[in-house]
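# A look at the structure
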2 protein chains.
Amino acid sequence: MKKGNLIVISGPSGVGKGTVVKALMQRHDKLRFSVSATTRAIRPGEVDGVNYYYITKERFEQMIANDELLEHARYVDNYYGTPAAPVDRLLEEGYDVILEIEVQGALQVKQRRPEAVLIFIAAPSFDELARRLRGRGDTAEDQILQRLETAHTEYSAATSYDYVVVNDYVDEAVDEILAILTAERLKANKQTQILKEANEYAVSPNV
Amino acid sequence: MKKGNLIVISGPSGVGKGTVVKALMQRHDKLRFSVSATTRAIRPGEVDGVNYYYITKERFEQMIANDELLEHARYVDNYYGTPAAPVDRLLEEGYDVILEIEVQGALQVKQRRPEAVLIFIAAPSFDELARRLRGRGDTAEDQILQRLETAHTEYSAATSYDYVVVNDYVDEAVDEILAILTAERLKANKQTQILKEANEYAVSPNV
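Remember, predicted model here, so these are calculated numbers, not experimental data.

Let us look at the side chain of Q191 of chain B. Mapped onto the elements of the fold, Q191 of chain B is located in the loop between α7 (170-186) and α8 (192-200). A polar side-chain atom of Q191 of chain B sits 2.9 Å from a polar atom in the side chain of K2 of chain B.

What follows is the structure, given as structure tokens:
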């Protein structure tokens, strides 16, 4: 069984990451979504192990201390993070595992797992990103400006990513991510079985 | 204009490289084939600049001395090699350029151009490679054994390649190579234009 790839997807607010990831999951059946852990309270309609793993602050801090998380962050009074164990289990089973996380978390994952594949979803242009954020019509202008400033920082971090996929049309972005997943499985260091078999083959005359 | 990728394809005798590359050229129109230079005499039916660039021994040795070749080798009394200039011109024009060359040449290219993408075409198994070589029915058994020994050496070198594509079905192998070419164009260090534009964008309120 060939191990799957750990895929990290990030991108600025408004770029349409959620839509891309959802469409991606529908077109690739050896793909699993990582579930994060959080210390915030479960909300009506949420399911433990589906939306999040809901754990205590003590347990979360223990996981940090034991290096059981691929990445974590604290927002206001709550922790959010990615437990390594369920991700590793899926990778061993041959699934590619998707983490949809912030830039800071992505860089933490890359430090712990240099083999992780980091994909940054960019807008066709920064103008278009601003248009998409304003087009929603549900966000105050000062918040939009703040998100665009944050996007600036995120784009700077994208140079540390492995790939940049432009989300102009969702289907094309998904095609491109699928091509990346295919290519990553063809990397020579992932094809060790076929090379090993060839090296061990004893050439003998046809009798 | 985004520069194209330099793609090097190698694989053992009998693996079906030629068929794969031919099918690949038919399915990708931004792809060009590199033409090698040689000092051997032109043969009936061959065309200068199509099959090879036919040049003198003196000119070839001058090209070696001036480092004008991406790779070269000497077989018996003749030189064979890849002139860099026509390849660079096509890359600048945005084409991906394919070099179908031996393992030794491929490693020379990688030394001169670390950004070159090396793809090794492998057989589904070494047994199958032997079967394909014998199945042609036009090669003596001692030559087949020699080719399989050479294949051993080639497979060992494949660990220095970037990707290994198994040629089980030609169409699938071509799909996989096309995925690699797509992924390589999405590498963050190839997407500098979109990241630069975002960094230079001045966030301003909507007035």
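A word on the pairing of strand β6 (residues 78-83) of chain B. All names here are of chain B. Pairing analysis gives two bridges linking strand β3 (residues 37-38) to β6, with the strands arranged antiparallel. Counterpart to T38 in the pairing with β6 is Y80. Between strand β5 (residues 69-75) and β6, which pair antiparallel in sequence order, lie two residues; one of them, V76, sits at a positive phi of approximately 50°.

With that out of the way, let us pick up the sheet that holds strand β9 (residues 163-166) of chain B. Residues and elements named next belong to chain B. Taken together, five strands build an open sheet; the order of strands is β2-β7-β1-β8-β9 and the sheet is parallel. Taken across any chain shown, the strands that pair with only one partner, and hence form the sheet edges, are β2 (31-33) and β9. Between one strand and the next, the sheet's axes are offset by a mean angle of 30°, whatever the strand orientation. In this structure, β2 lies alongside strand β7 (residues 96-100), joined through three bridges in parallel fashion. Among the inter-strand pairings, R32 is bridged to a residue of β7, identified as V97. With respect to the sheet, helix α3 (residues 84-92) is in contact with β1 (6-10), β2 and β7, its orientation differing from that of β7 by roughly 145°.

To continue, consider the environment of T159 of chain A. Looking at the element boundaries, T159 of chain A is found in the loop between α6 (141-157) and β9 (163-166). Sequence separation between T159 of chain A and L118 of chain A is 41 residues; the distance between their C-alpha atoms is 10 Å. Sequence-distant contacts of T159 of chain A, that is, excluding residues within four places in its chain, are made with A188 and L195 of chain B. At 3.0 Å, the side chain of T159 of chain A and the backbone oxygen of S156 of chain A are in polar contact.

This brings us to the relation of the copies chain A and chain B. You can overlay chain A on chain B at an RMSD of 0.0 Å; the transform is a turn of 180° with a shift of 0.0 Å along its axis. On this basis, the relationship between the two copies can be described by a two-fold rotation axis. Among all residues of chain A, the minimum C-alpha distance to the rotation axis is found for A179 of chain A, at 2.2 Å. Comparing interface residues between copies, 100% of those in chain A also sit at the interface in chain B, which points to an isologous, same-surface contact.

Time to look at the pairing of strand β7 (residues 96-100) of chain A. Sheet faces and side chains relate simply in a regular strand, where the side chains alternate between the two faces. All names here are of chain A. Among the five residues in β7, four count as buried, and that is most of the element. Where strand β1 (residues 6-10) meets β7, four bridges bridge the pair, whose relative direction is parallel. When the bridges of β7 are listed, V8 appears paired with L99.

Reading the values: rules and limits
- Residues numbered from 1 in each chain as written.
- Chains lettered and ligands numbered in written order.
- Predicted model: local features only at pLDDT ≥ 70, side-chain atom pairs only at ≥ 80, totals over all residues.
- Heavy atoms only, no water.
- Helix = DSSP H or I, 4+ residues; strand = E, 2+ residues; numbered from the N terminus.
- Polar contact = N/O pair within 3.5 Å; in protein donor to acceptor, adjacent residues only side chain to side chain.
- Pairing = 2+ DSSP bridges.
- Axes fitted to C-alpha atoms, helices over the stretch in contact; angles between N-to-C directions.
- Contact = heavy atoms within 4.5 Å.
- Least-squares fit on C-alpha atoms with pLDDT ≥ 70 in both.
- Buried < 20%, exposed > 50% of the residue type's maximum accessible area, 1.4 Å probe, protein only.

Bear in mind that shape data such as this cannot, by itself, settle questions of function.
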